[in-house]
Amino acid sequence: MLDVGSRGLASESGSATAIDLAHRQRLPRKRRGWSLRYRHRIQLWGFGFVLPTLLFLAVFKYGPMLWAIDLSFHAYDIVSPPRYVGLENYRLLLADPIFRETLINTLFYIAGSTLLITVVGLALALAINTGVPGSRSCMTIMFLTNLMPILAVCLVWRFLLHPYGLVNQVLEPFGIGRINWLTNDSTALPAIIIVTVWRFAPYFMVVFLAALLALPADYYEAAELEGAGALRRFWHITLPLLSPTIFFVVVVSALLSARIFLMPYIMTGGGPGNATRVLPMLIYETAFSYMKMGMAAAISVVLFAIMLVFTALQMRFFLRREQVNS
Amino acid sequence: MSAIAQAVPRHRSRRASSLTRRILVRAKPVVGLVALASLTFFVVLPILWMLTTSFQAGDKMFQFATEWIPSVWHPENYPNALSRGAFPQYFLNSGIVSLAVMVGNVIFCTLAGYGLAKFQFWGDKVVLLLILSTMMLPLEVTLIPTFLVIHKFGWMNSYQGLIGPLLIDAFGIFLMRQSILSIPTDFIEAARMDGAGELRILLQIIVPQCIPALAVLAIFSFRDSWDQFLWPLTVVSIDAFRTFPLGLVQFGEAYGNPATEQMAIAVIATIPTFLLFVLLQRLITRGFGLSGLK
């Protein structure tokens, strides 16, 4: 049902025959004769293809981000015009215990879910990759968690984590009492992390599996001849070869978890107390419950700074790869 | 199956095979299958729970032992849930918005991906970085100013307001660029020699070769828009434009609506993404190799 990789190449070489070889042979002679105007015209087409996207990003990404930075130095409630307050918003934020707790929650959530998504995603991919009969069907079925709307995931898990819910039913034989996962200070955020992993790990499982299938088989054959056990093969061959994919998964899932809003909003409403309040929730509440647009913009800038760190890592990695490829 | 079978190293026993060893070799796939199948079962248990609960009587929700097969089936949960609240309207709105976002992403990401993969123009590297770096500017970060922009445009409570900020996603451009990079430039130049216009080259040479990537792009842009909650919550305040997640939360908060009916709506809401996945799945899995940074 699910066959990852390898087939894509076949279709490419297949359609190569559609194009007359004679044209390709004629190409180098003709190219010298191309006029500058013709080259410029092609360049213009290329730029024209990108232009709609650039306009879109100017209006909906860069413009708003610059506006958010500007707004973070103002007090603004939509009704009266913005009033310049300098660094006042940031000063208030730093002094605010709710903001500090929210920031710590967000970082804890990002760290926890990124780590678990990567480990579980890789473990699932390795399990599928053993090639046990039926493993591909298992993979397709597990991918279902990724197709359920996040809201449905939240609603279902809110019931499952209820004191009388399925999670406690499953854990009961192990002597674990009826825990109210979502209203307990110490379990609420970890519970949300588990739900996040349940939802996203199968997606990254497929990403890992695609990478695993692309690994060169001869390394493994050589290692096996040398008598290396499965664990050593994994540690010395699979893990190093997979490191670009692991890096990619870590960055993408960190960016993904920095945006978490719906899960705490539905499952706990940020509680108990502020135990599961995260930055996107605080932005929304500050802006639309308290009408403090400037303060909300300042929180956005903090969230932006967190995402900037991960994006910078990804960019450096991406540029290095581009150089290797070209 | 064949792709996986080839990639898995064969475990040949070089020692003389004793009886126990032979039994172990035979048993290994079976043990593996049982382990993997039970793992899969635990993973999908919440989905099964959602399905069975949607057919359950309202008062069966909170008893400690889950009744996996309802003693009395209540299929009427579905029509009942749909008739409370304006769910047909909410689903229609979600459908319109998600399809528009999907089509927008497919068109604009293909254009931009092609422009970045196969053309050199002044500042092209900077443009690439500018586009990719918007991955750090999701709606959650730019929520306030984007809301103010939409407010200024007069797009509150409208489809264009719901669709606009989601129309192009940097991830899609990246995906399309990586996919188009692998198409030989010779094809394009040969077509140019034949006098094919640039748009014709795009439609007849580029697009047919990146169908798997397009399928991945289509399903993920549809799903992400179908899932979108924070943005509709911010720009919509009337029933006529509410999407189903807003409607479903409202439904859950309203007094006296049984949770079983909430689950029925959740099941219905899973169907569109599931169908899209089934339709495109052969292509999707092929395209997946691309999404993991080539």
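No experiment lies behind these values; they were computed from the predicted model shown.

Our focus in this paragraph is the overall build of chain B. In terms of regular secondary structure, chain B is built from 14 helices and 0 strands. Counting from the amino terminus, helix and strand elements in chain B follow one another as α-α-α-α-α-α-α-α-α-α-α-α-α-α. For chain B, the proportion of its 294 residues judged to be buried stands at 44%. Once local pairs closer than 6 in sequence are excluded, the contacts in chain B between residues at least 24 apart make up 79%.

When its secondary structure is counted, chain A shows 14 helices and 2 strands. Evaluated residue by residue, chain A yields a buried proportion of 42% over its 326 residues. When contacts within chain A are restricted to residue pairs at least 6 apart in sequence, those whose partners lie at least 24 apart make up 71%.

Here we take up the confidence of the model for chain A. Chain-level pLDDT for chain A is 84 on average; 88% of the residues reach the 70-or-more range. Predicted confidence for residues 1-32 of chain A stays below pLDDT 50, and this span has 43 contacts to residues more than four positions away or in other chains.

Residues and elements named next belong to chain B. You can read the domains of chain B as domain 1 (15-78) and domain 2 (84-291). Measuring from the centre of the C-alpha atoms in domain 1 to the corresponding centre in domain 2 gives 34 Å. Taken residue by residue, the interface counts 9 residues in domain 1 and 8 residues in domain 2. The element that contributes the greatest number of residues to the side of domain 1 that touches domain 2 is helix α2 (residues 19-53), accounting for 3 residues. Residue composition of the side of domain 1 that touches domain 2, grouped by class: 4 nonpolar, 5 polar and no charged.

How big an interface is tends to be reported as the loss of accessible area on association of its parts. The partner chain B presents 91 residues to the 96 residues of chain A that form the contact. For the side of chain A that touches chain B, the element with the most residues is helix α3 (residues 36-71) of chain A, which contributes 20 residues.

A few words on the nonpolar core. Counting residues in each nonpolar core, the largest one holds 167 residues, and the members touching the most others are Cys154(A), Val156(A), Met205(A), Phe208(A) and Ile299(A). The element contributing the most residues to this core is helix α9 (residues 188-213) of chain A, with 21 residues. Structurally, this core is a two-domain feature, drawing no fewer than three residues from each of domain 1 (15-78) and domain 2 (84-291) of chain B. Excluding anything up to four places from it in sequence, Met205(A) contacts Gly121(A), Leu124(A), Ala125(A) and Met142(A).

This part takes up the packing of helix α4 (residues 87-118) of chain B against helix α8 (residues 170-181) of chain B. Residue and element names in this part refer to chain B. Their axes nearest at 7 Å, the elements α4 and α8 cross at an angle of 50°. With respect to α8, the element α4 is oriented oblique. Judged by the twist between their axes, the crossing of α4 over α8 is right-handed. Here Asn105, Cys109, Thr110, Ala112, Gly113, Tyr114, Leu116, Ala117 and Lys118 of α4 lie close against α8, whose contacting residues are Gly172, Ile173, Met176, Arg177, Ile180 and Leu181. A breakdown of the residues in the contact of α4 with α8 according to their chemical character gives 9 nonpolar, 4 polar and 2 charged.

All names here are of chain B. With 88% of its residues at a pLDDT of 70 or more, chain B has an overall mean of 84. This stretch, residues 1-14, has a pLDDT under 50; its non-local contacts, to residues over four places away or in other chains, come to 20 contacts. Under a pLDDT of 50 for its full length, residues 290-294 has, in the predicted model, 15 contacts with residues more than four places off or in other chains. Model confidence for the complex: the whole-complex pTM is 0.85, and ipTM, which rates the interface, is 0.84.

Quick look at unusual backbone geometry now. The phi dihedral of Met291(A) is positive, around 55°, even though this residue is not glycine. Here Met291(A) is to be found in the loop between α13 (279-288) and α14 (293-325). Owing to 13 C-beta atoms within 10 Å, Met291(A) belongs among the partly exposed residues under this scheme. Of note in the backbone geometry, Asn157(B) takes a positive phi value of approximately 50° without being a glycine. Mapped onto the elements, Asn157(B) comes out in the loop between α6 (139-153) and α7 (159-163). When the 14 C-beta atoms within 10 Å are taken as the criterion, Asn157(B) is described as partly exposed.

What follows deals with the packing of α8(B) against helix α11 (residues 211-227) of chain B. All names here are of chain B. Between α8 and α11, the shortest axis-to-axis distance is 10 Å and the interhelical angle comes to 170°. Overall, the two elements α8 and α11 adopt an arrangement that is roughly antiparallel. Counting all contacts with α8, which are made through Gly172, Leu175, Met176 and Ser179, the residues of α11 involved are Ala213, Val216, Leu217 and Ser221. Within the contact of α8 with α11, the residues separate by chemical class into 5 nonpolar, 3 polar and no charged.

As for its position among the elements, Thr66(B) is in the loop between α2 and α3 (77-83). Its 19 C-beta neighbours within 10 Å are what place Thr66(B) among the partly exposed residues. As a C-alpha pair, Thr66(B) and Asn157(B) span 91 residues in sequence and 41 Å in three-dimensional space. In this structure Thr66(B) touches Leu166(A), Gln169(A) and Trp49(B), once residues within four positions along its chain are discounted.

What follows deals with the environment of Trp49(B). Note that Trp49(B) resides in helix α2. Between the alpha carbons of Trp49(B) and Glu67(B) there is a distance of 9.3 Å; along the sequence they are 18 residues apart. Leaving out residues up to four positions away in the same chain, Trp49(B) has contacts with Val156(A), Leu160(A), Leu166(A) and Thr66(B).

Each value, and the rule that gives it
- Residues numbered from 1 in each chain as written.
- Chains lettered and ligands numbered in written order.
- Predicted model: local features only at pLDDT ≥ 70, side-chain atom pairs only at ≥ 80, totals over all residues.
- Helix = DSSP H or I, 4+ residues; strand = E, 2+ residues; numbered from the N terminus.
- Buried ≥ 20, exposed ≤ 12 C-beta atoms within 10 Å, placed from the backbone.
- Contact = placed C-beta atoms within 7 Å.
- pLDDT = per-residue confidence, 0-100.
- Domains from an automatic or database assignment.
- Nonpolar A, V, L, I, M, F, W, Y, C, P; charged D, E, K, R; others polar.
- Core = buried A, V, L, I, M, F, W, Y, C linked by C-beta atoms within 7 Å.
- Axes fitted to C-alpha atoms, helices over the stretch in contact; angles between N-to-C directions.
- Parallel < 35°, antiparallel > 145°, perpendicular 65-115°, else oblique.
- Left-handed = near helix turned anticlockwise from the far one by under 90°.

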